[in-house]
Amino acid sequence: MTISQYSLAAAGALAVYVAYVVFRPRRNLCDIPGPPSPSWLFGNMLQLLTTPIYGEYEFKWLRKYGSVYRVKGCFGEDRLMISDPAALQVILNGRQYYTMAPGFENSVQLIYDPGSAILCKEEEHKRLRGALNNGFTATAVRTYLPIFTRVADMLTEQFDAMAGQPAANLLPSLGRATLSAVTEAVLGLSLEDLGDEFISTNFLMVGMASTSSPSAVLGDAIMALMPNAIRNLARHLPIKPLKSLDKARFLAHKIGRSVIRDIRHARIEGLDGVGAFYDELDNKWIPSFAVDGTLSEHELLAQTSLLLLAGQDTTGNTMGFAFLELARNIDFQDQLRTEIHSSLGAGGDTTVYENMPLLNAFIKETLRMYPSVSLSDRVAVQDHMLPLSQPITTSHGTQITEIPIMKGQVVYLATGQYQRSNLRWGEDAHEFKPSRWMHEGPPHKVQDGVGGYANLLTFHGGSHVCLGWRFALLEMQVFISELVGKFEFSLPADDRSRTVCRYALTLQPALPNGKKGALVSLKRVV
Ligand code: HEM
C-alpha cells in the first residue's frame, strides 16, 4: 500500500467517525462537569496521554471535579473519568456491563497473541486462568524464592559495577533482572538461553509499548473505530514497528516450543523436567502426568509472550520508582536497611519477608503512588445505571448518586487518581509516606473491596486481576532487601540528572531528555 492509499483510508475512517459522533443520539453525559476541551481533534487526550510530567492535568481535574468527571476524547467524544470506588467495583467486576475498550484492546492485540489470557473472554478466559493460576498461587510463588535470590545476586554485581558513578541508570539492569526471573520461573531457562536476538527484540517491544505521541493518540482513536476485521488486517501491514512485533511473537513461540519439546523428551527418557511452571502445564503428550487445568501446546505458546512481557516492565519500573524514593529519603532508607540487616541475617524462607513491616509498608506505598497501569479504558456493553459511593453535582446543580450509561460508552479506570484521592487517603495523599500503612484504621483499610491487593487498584481487580501479583510482590521484597542491604541510594548531585514520572501507556521513570530511565548515585555500604 502506498502512502496516498494510507492517507485515503485514514480520511475515510475519519469521515465515518465524524458522522458517527455527530449523529448518534447520546446526551446522557452532557450534565456531568469536566475540563474544557482544547481541541475538537484531540479533545483532552494530549493533556491526559502525552504530558511530560505525570498527573499535571489529571490531579488538577481530580481536585476540581471530584471522583467522576467528563473528558473529551478525540473528535469530540464524551468519556468518563472514574475513581469512585462503587463505580470502579462495577466496571471491574461486572463482566455483563463492561469489556476492554477498542483502543486499549487494539494496543494489547498488537503485543500479545490472540489466544493469550488477557485477550480471551468468558469461559475460555476462565479456563486459561484456572490453568495458569497453578503457577501463581501463594504456594507456587514461594518455590521461586531461590530464583529471585539468584537474580538479586546478579543485580548486586551490576550495581557494584555502577557504584561511584555520579548518576547510574538503574532501569536497564532492573528490566533484565525481571525478565530473567520470569523466564527462569516459567520456562526454566536463563537469559543466555533466550539468546541475544530474543532479548533485543523483547526490549524493543517493551520500548514500543511505552511510548506515546500525538500521532499515536490519533492513530489509536482511528483504529478504535474500525471493525475487528480491518484492525486485524492493519496489524499485518508491512511497516517496521509491526514487523518487529511479529518477530518478537515469533521468537517467543519458538522458545516456548523448544521448552515444550525438552519437557516431553525428558518425560519419555524418565528424566526430571526443566523444573519450571511449564512442566506442569503441558500435558498433552503424556497424559499420565495429568494435573488439573493443563493446556494444549497451542494454548501454552499463546501464553509465552504474555507471561514474559506482562511481568517485566511493570515490575522493573515499579522498582525504579522505589529506589528513587529511597534516594529522596535517606532517613527512611537507613531505617529500612536496619530492618533488613536484623531480619535477613539468618536466611530462611518467604516468611522472613512477610514479617518486615517497613519493607512491606514501603512496597505498598510505592504501588499506591506509582501504579504501572495508572489509566485504562473500558467500554459499556449494555445500557445500565452506574452507582456512585459519593454523590456528584451536575452542571445544573442537581445531586446524583448514579449515572445513566449507554452501550458503547467509554470510561476510564483512573487507578492513579483513585490512589491519590484526598477523600480516601487524606490531605497528604500526594506525599510518599510509607508510615500510612503502619497504623490501623481508615482511610486505606476501608473495606470496600476495590482492588486485588491491599485495597489498591495497582493490580486491578475482578476477573482480569493481575495473575502475577504475588510473583511481583515476592520478587520486589527479595530484590529491594538484597540491594538496600548492600547499597546506599542518593540523588545525583547534578540537578540536570533529576528523574521525573511520566505517563506513556504505563507509568515510568523518565530522564530529563524524556527517555525512560531512573538516575541515582550508588555507594556500596556492606
Ligand atoms: C508491579 C508489577 C505488576 C503490575 C503493576 C501489574 C499490573 C497488572 C494489571 C493492572 C493487570 C490487568 C490488566 C487489565 O485489566 O487489562 C495485569 C494483568 C496481568 N498480569 Fe500483571 N502486573 C505486574 C506484574 C506481573 C507479573 C510479575 C506477571 C507474571 C509473571 C504478570 C502477569 C499478568 C498477566 C498474565 C495478566 C493478564 C491477566 C488476565 O487478563 O486474566 N503481571 N497486571
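Keep in mind it's a predicted model, so treat the numbers as computed, not measured.

> Teacher, can you tell me more about the sheet that holds strand β4 (residues 168-169) here?
Within a sheet, neighbouring strands are paired by backbone hydrogen bonds and run either parallel or antiparallel to one another. Within the open sheet, the three strands sit side by side as β4-β12-β9. Their pairing is antiparallel. At either end of the open sheet lies a strand with only one pairing partner, and these are β4 and β9 (487-490). Where β9 and strand β12 (residues 519-524) come together, four bridges link them in antiparallel fashion. Residue pairing across strands places serine 490 opposite serine 521, the latter belonging to β12.

> Which parts of the structure should I look at to understand the packing of helix α9 (residues 171-187) against helix α17 (residues 313-328)?
Geometry of a packed helix pair, given as the angle between the helix axes and the separation of the axes. Axis separation between α9 and α17 bottoms out at 8 Å; the angle between their running directions is 140°. Judged on the interaxial angle alone, α17 and α9 are oblique. Relative to α17, α9 is oriented so that their crossing is right-handed. On the side of α9, the interface is formed by Leu171, Leu174 and Thr178, while α17 contributes Thr315, Gly316, Asn317, Met319, Gly320 and Phe323. Residue composition of the contact of α9 with α17, by class: four nonpolar, five polar and no charged.

> Whenever I open this one, the environment of valine 151 confuses me. Can you help?
By the element assignment, valine 151 lies in helix α8 (residues 145-162). Residues valine 151 and threonine 178, 27 residues apart in the sequence, show an inter-C-alpha distance of 8.4 Å. Apart from the residues within four sequence positions on either side, valine 151 is in contact with Ala177, Ser180, Ala181 and Phe479.

> What's the story with the environment of alanine 87 in this structure? I'm lost.
Along the polypeptide, alanine 87 turns up in helix α4 (residues 85-93). Sequence separation of alanine 87 and methionine 385 is 298 residues, and the distance between their C-alpha atoms is 9.8 Å. The residues touching alanine 87, leaving out its near neighbours within four places in the chain, are Ile82, Leu386, Pro387 and Leu388.

> Is there a simple way to think about the site of the ligand in this case?
Close to the ligand lie 23 residues; His125, Arg129, His460, His464 and Cys466 are nearest. Within the contact set of the ligand, an oxygen atom lies 2.8 Å away from a side-chain nitrogen or oxygen of histidine 460. At the level of elements, α6 (122-132), α16 (297-310), α17 and α23 (469-486) are the ones that each hand at least two residues to the shell around the ligand. At three residues, the largest contribution of residues to the shell around the ligand is made by α17. When its residues are assigned to classes, the shell around the ligand shows eleven nonpolar, ten polar and two charged.

> Whenever I open this one, α16 confuses me. Can you help?
The periodicity of an α-helix, 3.6 residues per turn, causes residues three or four positions apart to be oriented the same way. Between the first and last C-alpha of α16 there are 20 Å, a value that for 14 residues agrees with the 20 Å anticipated at 1.5 Å per step. In terms of residue burial, α16 counts as a mostly covered element, since eleven of its 14 residues are buried.

> Looking at this structure, how should I read the pairing of strand β11 (residues 506-510)?
Remember that side chains alternate between the two faces of the sheet whenever the strand is regular. With five of five residues buried, β11 is to be regarded as a mostly interior element. As defined by bridge partners, strand β10 (residues 500-504) adjoins β11 across five bridges and the pair is classed as antiparallel. From the neighbouring strand, alanine 504 faces β11, where its bridge partner is threonine 506. Counting the residues in the hairpin turn of β10 and β11 gives one residue, including leucine 505, whose phi is positive at 70°.

> Before we go on, may I ask you to explain the UniProt feature "binding site: heme" (unreviewed entry) in the protein in this structure?
Under the present numbering, the feature "binding site: heme" (unreviewed entry) in UniProt falls on Cys466. For cysteine 466, a relative accessible area of 28% puts it in the partly exposed group. Ignoring any residue separated from it by four or fewer positions in sequence, one finds cysteine 466 in contact with Arg129 and Phe459.

Conventions we followed
Residues numbered from 1 in each chain as written. Predicted model: local features only at pLDDT ≥ 70, side-chain atom pairs only at ≥ 80, totals over all residues. Heavy atoms only, no water. Pairing = 2+ DSSP bridges. Helix = DSSP H or I, 4+ residues; strand = E, 2+ residues; numbered from the N terminus. Axes fitted to C-alpha atoms, helices over the stretch in contact; angles between N-to-C directions. Parallel < 35°, antiparallel > 145°, perpendicular 65-115°, else oblique. Left-handed = near helix turned anticlockwise from the far one by under 90°. Contact = heavy atoms within 4.5 Å. Nonpolar A, V, L, I, M, F, W, Y, C, P; charged D, E, K, R; others polar. Near = heavy atom within 4 Å. Polar contact = N/O pair within 3.5 Å; in protein donor to acceptor, adjacent residues only side chain to side chain. Expected span 1.5 Å × (residues − 1). Buried < 20%, exposed > 50% of the residue type's maximum accessible area, 1.4 Å probe, protein only. UniProt positions renumbered as here; feature names shortened; annotations may be inferred.

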